[in-house]
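Here is what each chain is made of, one letter per residue.
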Amino acid sequence: MAESIVNTQSLTKRFGAFTALDDCTLSIEEGEVFGLLGPNGAGKSTLIRLLLGFLNPTSGTATIGGLDCWQHRVEVHRLVSYLPGDARLYRMMRARNLLQLFCRFRENSSFEKAVEIADRLELDLSRWIGLMSTGMRQKLALAITLSNSTPVLILDEPTANLDPTVRGRVMAMVKEAKLAGRTIIFSSHVLPEIEDACDRVAILRRGQLVHLQSMGDLMKQHRILADLRGELPEISAALGKQLLIKRDGDSVQIETPGELSEVLKWLAEAPLAEVYVQPIGLRAIYDQFHHETTIVSQTEVSA
């Protein structure tokens, strides 16, 4: 089992009477892609800023690589490459010159790699930054961030303002970073990205960590929808405890948390028609905690 590289213990941040993050305890393993999910104001940005040592926790601790994120924040910054959700770049420079500048700042940066990433993202480095579109500046920020060889990457909305083709290339780079053994903290509002890239996801709500979900376990969960032309056959007690069965007239919905084979054997004896089997998906889990919010789908972002 991989060791944890990022840890928080009862991490709390208050601004006066407002609690932005409340008693957050989690561990992120080396080489893991860990998703942060929640609406604006849920506590994601506060958690990231605490991990980066930008904020002093009200109580609790956060460590990266065994170093306290507040007390040893300079040393922590040597371990982390961070893409903020609102990256601000010098506008009175050409993109290539800015890449060179940032790569000189950090000993673990490679200008050659930064140029390679920019090429993959189809970014013209001869452009003045002030004349770039928002999407172009996002590509430049990605080239700066991903060119570092730090063991930890923190990416806050990395695909914002990008078209679907470039978004796919960014996700491929995230997977390449994972294969290289790097740990990635990935904050996004786009559910398909979280499902595709992450090993686990944390769902935050009003400053609290309300759910931790393994993507591997989630992919095993399915929903079966069918028309029922009679009664369901008798079910064993063991199988019955695993299933959530809802019947509305001639329609039946069955949710299963794991292996489908036993469920399908049982349903083979049922008088069913128009049977559909679909994965539960992350949206169903998210909606359990955020009924009142709308999470962005890939299609909505692309429109």
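Scroll up for the structure.
Structure report, in brief.

Analysis parameters
Residues numbered from 1 in each chain as written. Predicted model: local features only at pLDDT ≥ 70, side-chain atom pairs only at ≥ 80, totals over all residues. Heavy atoms only, no water. Helix = DSSP H or I, 4+ residues; strand = E, 2+ residues; numbered from the N terminus. Contact = heavy atoms within 4.5 Å. Axes fitted to C-alpha atoms, helices over the stretch in contact; angles between N-to-C directions. Parallel < 35°, antiparallel > 145°, perpendicular 65-115°, else oblique. Left-handed = near helix turned anticlockwise from the far one by under 90°. Nonpolar A, V, L, I, M, F, W, Y, C, P; charged D, E, K, R; others polar. Core = buried A, V, L, I, M, F, W, Y, C linked by side-chain atoms within 4.5 Å. Buried < 20%, exposed > 50% of the residue type's maximum accessible area, 1.4 Å probe, protein only.

**Comments concerning the side chain of N108**
Here is step 1 of the chain: Within the secondary structure, N108 is located in the loop between helix 3 (95-105) and helix 4 (111-120).
Here is step 2 of the chain: Apart from the residues lying within four places of it in its own chain, the contact partners of N108 are R78, S147, N148, S149 and T150.

**Let's talk about the packing of helix 3 against helix 5 (residues 134-146)**
Here is step 1 of the chain: Packing of helix 3 against helix 5 brings their axes to within 10 Å, and their N-to-C directions diverge by 25°. By the criterion of interaxial angle, the relationship of helix 3 to helix 5 is roughly parallel. The hand of the helix 3/helix 5 crossing is right-handed. Packed against helix 3, whose contacting residues are A95, L98, L99 and F102, the element helix 5 presents L140, A143 and I144 at the interface.
Here is step 2 of the chain: For the contact of helix 3 with helix 5, the class distribution of residues is 7 nonpolar, no polar and no charged.

**Re the nonpolar core**
Here is step 1 of the chain: Core analysis: the biggest nonpolar cluster contains 46 residues, and L37, L125, L140, L155, I184, F186 and L282 have the highest contact counts within it.
Here is step 2 of the chain: Those residues in contact with F186 that lie beyond four places of it in its chain are V33, F34, G35, L36, L155, P158, M171, V174, E193, I194 and C198.

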